[in-house]
Amino acid sequence: MNTLLLIVGLLCFLGLVVVHEFGHFIMARRHGVAVEEFGIGFPPRVWGRKTRGGWVFSINLLPLGGFVKLKGEHDTDTERGSFGAASIGAKANIMLAGVTMNLLAAYVLLAGLALVGMPQLVDHQFVIKSDVVYVQRATDYVATDVVEKGSPAAQAGMHQGDALVALGDAAHLSVLHSADALPALVRRYAGQTVSLEYRVGGADGRLVTKTVTVRTAATVAKAAAAGKQIGYLGVTVYDAQTGVTVARSTWSAPIVAAGLIKQFTVLTFQGLGKALAGLGSIVAGGVTGNTAARQAGQAEASSQVAGPVGIFFIFKYGAALGVRFIVLIVALLSLTLAVMNVLPIPALDGGRLWLLLITRALKKPLSPGREEAINAAGFALLMGLVILVTIADVRRFF
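Residues numbered from 1 in each chain as written. Predicted model: local features only at pLDDT ≥ 70, side-chain atom pairs only at ≥ 80, totals over all residues. Heavy atoms only, no water.

A. Broad picture of the packing of aromatic side chains. What the rule picks out here adds up to six aromatic pairs. With 4.9 Å between their ring centres and 65 degrees between their planes, Phe25 and Trp55 make a pair best called edge-to-face. Note that Phe25 is positioned in helix 1 (residues 2-30) and Trp55 in the loop between strand 1 (35-50) and strand 2 (56-70), a separation of 30 residues in sequence. Among the residues examined, Phe25 registers a relative accessible area of 7% and is labelled buried. Taking the centre distance of 6.1 Å and the plane angle of 35 degrees together, the rings of Phe38 and Phe57 count as tilted. Here the residue Phe38 occupies a position in strand 1, and Phe57 occupies one in strand 2, the gap between them amounting to 19 residues. Relative accessible area serves as the criterion here: at 5%, Phe38 is assigned to the buried category. Connected via pairs of aromatic rings, a cluster forms that spans Phe22, Phe25, Phe38, Trp47, Trp55 and Phe57. Geometry around Phe83 places Lys91 over its ring, the cationic atom sitting 5.6 Å from the centre. Lying across the ring of Tyr134, Arg137 places its NZ or CZ 4.0 Å from the centre. (Phe/Tyr/Trp six-rings, centres within 6.5 Å; stacked < 30°, edge-to-face > 60°. Helix = DSSP H or I, 4+ residues; strand = E, 2+ residues; numbered from the N terminus. Buried < 20%, exposed > 50% of the residue type's maximum accessible area, 1.4 Å probe, protein only. Lys NZ or Arg CZ within 6 Å of the ring centre and 35° of its normal.)

Here it is in structure tokens:
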């Protein structure tokens, strides 16, 4: 089932590209601009067929996007039916049609999810509190990280990834609800023999109860004086979660969809800001020879973006959480495509639109050669970034 969902998710991602390009296709024809080719993926071409409408539908080798080739795409073209001969308003409509289609796809998917059950992906995810029913709740638990060799936790058989449940007198166990509660709890039982409860492998694992003797304060202090850090129980913990919370709405589903588009758009821009800051640190670290700054910048930048490999693993992990999560990923990818295509990035829709507006404002139209050079340089830069992000993804996931 997970494999099927993975395949469906990847096909839906490809469908987002088709939806985006279909927006350009429809708007171009509506404004009387002739379409020469509708391509899935980037050249070289693998297969193509000319349709009755006179345009070519093609499948291309590089599965990184798609394109619609219009007649006379240079701004200086004047032939009837060409993109260059269209009004500036028509050009803007054609360029932004893909963004509109991706926004519409994201809105429809999010509204549908809100009706049947929306996975809660981030803290304080937007809902209308008067119209929400939680049909599923994620399970919060305290997970173990590092278990010291020879420590009370190790003697109890604990390993990394177990869920620490409770600690204390057998008749009065104190249940742990957060990692922050552990330090005070172990100090309270310092030097005492107590019951320890944990689940093997996580919150859903087999429950184990052991008797352990917590280290004394003197033992911990003596080790610290000798330059060795040990814990009373000998385990570090962190707050973890298993499963996913799912919220269902009724009449507010359209409002929830709009609210989520706003919320995730803001989060996308924040992520882009962190990625750019990370790239800045990489450049500054490389220029100054500061290896630590360069490595920190590389980690920050790569953590905020994902390429084809990263998207594959996002769908792979999402498939394990069910069809709702896959649909949410597809909706958010559609929203991300819309956001990226309004930014002034050369070779993308936003970059071409901003270039058009700037040249019109300056009243200095670009020559075909210079326009092609700018777009080619932007495309090369974009492909270079895709390669770098893919390398980062391979290091991250393999």
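B. Up close: empty space enclosed by the protein. Throughout the structure, instances matching the rule amount to two cavities of 30 Å³ or more. Lining of the largest cavity is provided by Glu73, Asp75, Phe83, Met95, Arg352, Leu355, Leu356, Thr359, Leu366, Glu371 and Asn375. Mapped onto the lining of the largest cavity, the elements with two or more residues apiece are helix 10 (349-362) and helix 11 (368-397). Its residues assigned to classes, the lining of the largest cavity shows five nonpolar, two polar and four charged. For the second largest cavity, the calculated volume is near 30 Å³. As for the second largest cavity, its lining consists of Ala114, Met118, Gln120, Val127, Ala247, Ser249 and Val256. A breakdown of the residues in the lining of the second largest cavity according to their chemical character gives five nonpolar, two polar and no charged. (1 Å grid on protein atoms, 1.4 Å probe; cavity = no way out; pocket = protein on both sides within 12 Å on 5 of 7 lines; lining within 4 Å. Points joined across faces, edges and corners; volume = space filled by probe spheres on them. Nonpolar A, V, L, I, M, F, W, Y, C, P; charged D, E, K, R; others polar.)

C. Looking closely at the layout of surface pockets. Reported here for the second largest pocket is a volume of approximately 370 Å³. Lining the second largest pocket are 17 residues, and of these Gln120, Val122, Asp123, Gln241 and Thr245 lie nearest its centre. For the lining of the second largest pocket, a count of residues per class yields eight nonpolar, six polar and three charged.

D. Structural detail: unusual backbone geometry. A cis amide bond links Pro43 to the next residue, Pro44, at an omega of 15 degrees. Mapped onto the elements, Pro44 comes out in strand 1. In this structure, His124 takes a positive phi of about 60 degrees despite not being glycine. With respect to the secondary-structure elements, His124 resides in the loop between strand 3 (118-119) and strand 4 (133-136).

Spatial relationships are all this shows, so hold off on functional conclusions.
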